[in-house]
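What follows is each chain in one-letter form.
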Amino acid sequence: MSGTSPDFEHYPDLANRQLAGSVIWASDESFAERENLIMAHDPEFDPALFGNKGKVYDGWETRRRRHDEIGHNDAAIIRLGVPGYIRGVIVDTSWFTGNYPPQFAVKGICIDDYRPAEEIAALPDNEWFDLVEPTDAQGDTKHAISINPGSTAGQTRVTHVKLIMIPDGGIARLRVHGIPAPNPQFLGSTVDLAAIEHGGWVTECSNMFYSSPNQILSLGRAINMGGGWENARRRDGGNDYVVVRLAGEGTPEFVEIDTSYFVFNAPGDIRLTGWNAHSDDDSGEEKTPAEIIELVPKCRVLPDTRHRFAVEGAAQGRPITHIRLDVYPDGGLARLRVFGSLTAAGYGELERRWEGKPV
């Protein structure tokens, strides 16, 4: 590749870790971790750095395949942080000079629901389509491949890509540039009712052994596992939970449960409920909730994934002041977002708080 940037590089990298992209599966990562593929920084190299498994590389590196494995290739599956229409990919073999794959290929697929990584990996090849057909590779090179906007590959929305090494070796980075195509169901004139910056706070937490639950209500996205809430491992058959007082009475439209960076210690399931403790008068005192509203029924969540759930059915349009997030049986979260609109009463509460009246 020449020193000039490819034309498609002005499109955002939809796989970027900072957009909640995740390498959800790899056939092998014996020498270097799959997660390195989508790190935002350029790959680095220390010639003197060795670990227990050999030379340390800032990339994804698999073991050497042998004679009885002829016909098999290594692969990694990346869930894009934002789905979209792909305009080009960069397969970067920087610093891999004697251990890069002879060839690589990239495939795409559109899967909008939250399926386990193993289930996606088990999908037959004919359910994927070619973004980049098998291409000869070179060592220590950024391979830039444009996608024709008029082709089937260029006109199909993509949520996941599969990077294939033929047959094995090391790749430092994968960039997937394209036009973002997020779900419009989760876009609108809403505000995060749970955010600390908007007036929400944690009122109760079952366990904060490793870190404060207030972090899940913080600004921006977590940059590592230490930026979220992590509890101790449960051994008693119960489950952990956190209760959040919303900024004010509001009607949630959708919620975000983000397990980014919690790869091996995310919850197995979650449940989100809410209630309205708003006083019938202007005293500001909370009342005992008459009803618990189920916002998100108990459901499985995935590791290292930003989940979004619409508030539907009987819960839709119901004003609440508190939410409770249950994690089963335990496990960590990076962020909790509760997107919705303040009611008139909720807005009035914030006004009174702004004017110096106690809550």
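Nothing here was measured: the structure is a model prediction, and the numbers come from that model.

### Examining the overall build of the chain
Phase 1 of the analysis: Along the chain, the regular secondary structure elements total two helices and 19 strands.
Phase 2 of the analysis: Summarising its shape, the C-alpha atoms of the chain cover approximately 75 × 50 × 35 Å along the three principal directions.
Phase 3 of the analysis: Out of the 359 residues in the chain, the part that is buried amounts to 51%.
Phase 4 of the analysis: Intrachain contacts of the chain at a sequence separation of at least 6 include 81% that bridge at least 24 residues.
Phase 5 of the analysis: Of the roughly 17200 Å² of accessible surface on the chain, 49% is carried by carbon and sulfur atoms.
Phase 6 of the analysis: The centroid of the 35 positive side-chain charges in the chain is displaced by 2 Å from the centroid of its 52 negative side-chain charges.

### Concerning the confidence of the model for the chain
Phase 1 of the analysis: When pLDDT is averaged along the chain, the result is 90, and 94% of the positions lie at 70 or above.
Phase 2 of the analysis: Between the elements of the chain, mean pLDDT differs from a low of 70, seen in strand β3 (residues 54–55), to a high of 98, seen in strand β6 (residues 103–109).

### Some words on the side chain of His322
Phase 1 of the analysis: Along the polypeptide, His322 turns up in strand β18 (residues 320–328).
Phase 2 of the analysis: Polar side-chain contacts of His322 include one of 2.8 Å to the side chain of Thr321.
Phase 3 of the analysis: Contacts of His322, omitting those with residues within four sequence positions, involve Val243, Val244, Arg245, Leu246, Thr273, Gly274, Trp275, Ala277 and Glu286.

### Some words on the packing of aromatic side chains
Phase 1 of the analysis: Tallying each qualifying case throughout the model produces seven aromatic pairs.
Phase 2 of the analysis: With centroids separated by 4.5 Å and ring planes inclined at 15 degrees, the aromatic side chains of Tyr57 and Phe96 adopt a geometry described as stacked. Remark: Phe96 occurs in the loop between β5 (74–92) and β6 and Tyr57 occurs in the loop between β3 and β4 (60–61); sequence separation between them is 39 residues.
Phase 3 of the analysis: Given the relative accessible area of 15%, Tyr57 is considered buried.
Phase 4 of the analysis: Considering the side-chain rings of Phe254 and Phe339, the 4.7 Å spacing of their centres and the 20 degrees angle between planes classify their relative orientation as stacked. On the criterion of sequence distance, the pair formed by Phe254 in strand β14 (residues 240–258) and Phe339 in strand β19 (residues 335–342) is long-range, its members being 85 residues apart. For the pair Phe254 and Phe339, one class covers both residues: buried.

Scoring rules and cut-offs
- Residues numbered from 1 in each chain as written.
- Predicted model: local features only at pLDDT ≥ 70, side-chain atom pairs only at ≥ 80, totals over all residues.
- Heavy atoms only, no water.
- Helix = DSSP H or I, 4+ residues; strand = E, 2+ residues; numbered from the N terminus.
- Buried < 20%, exposed > 50% of the residue type's maximum accessible area, 1.4 Å probe, protein only.
- Contact = heavy atoms within 4.5 Å.
- Areas by Shrake-Rupley, 256 points an atom, 1.4 Å probe, with all protein chains shown as cover.
- Lys, Arg positive; Asp, Glu negative; His and termini not counted.
- Charge placed at Lys NZ, Arg CZ, Asp CG, Glu CD.
- pLDDT = per-residue confidence, 0-100.
- Polar contact = N/O pair within 3.5 Å; in protein donor to acceptor, adjacent residues only side chain to side chain.
- Phe/Tyr/Trp six-rings, centres within 6.5 Å; stacked < 30°, edge-to-face > 60°.

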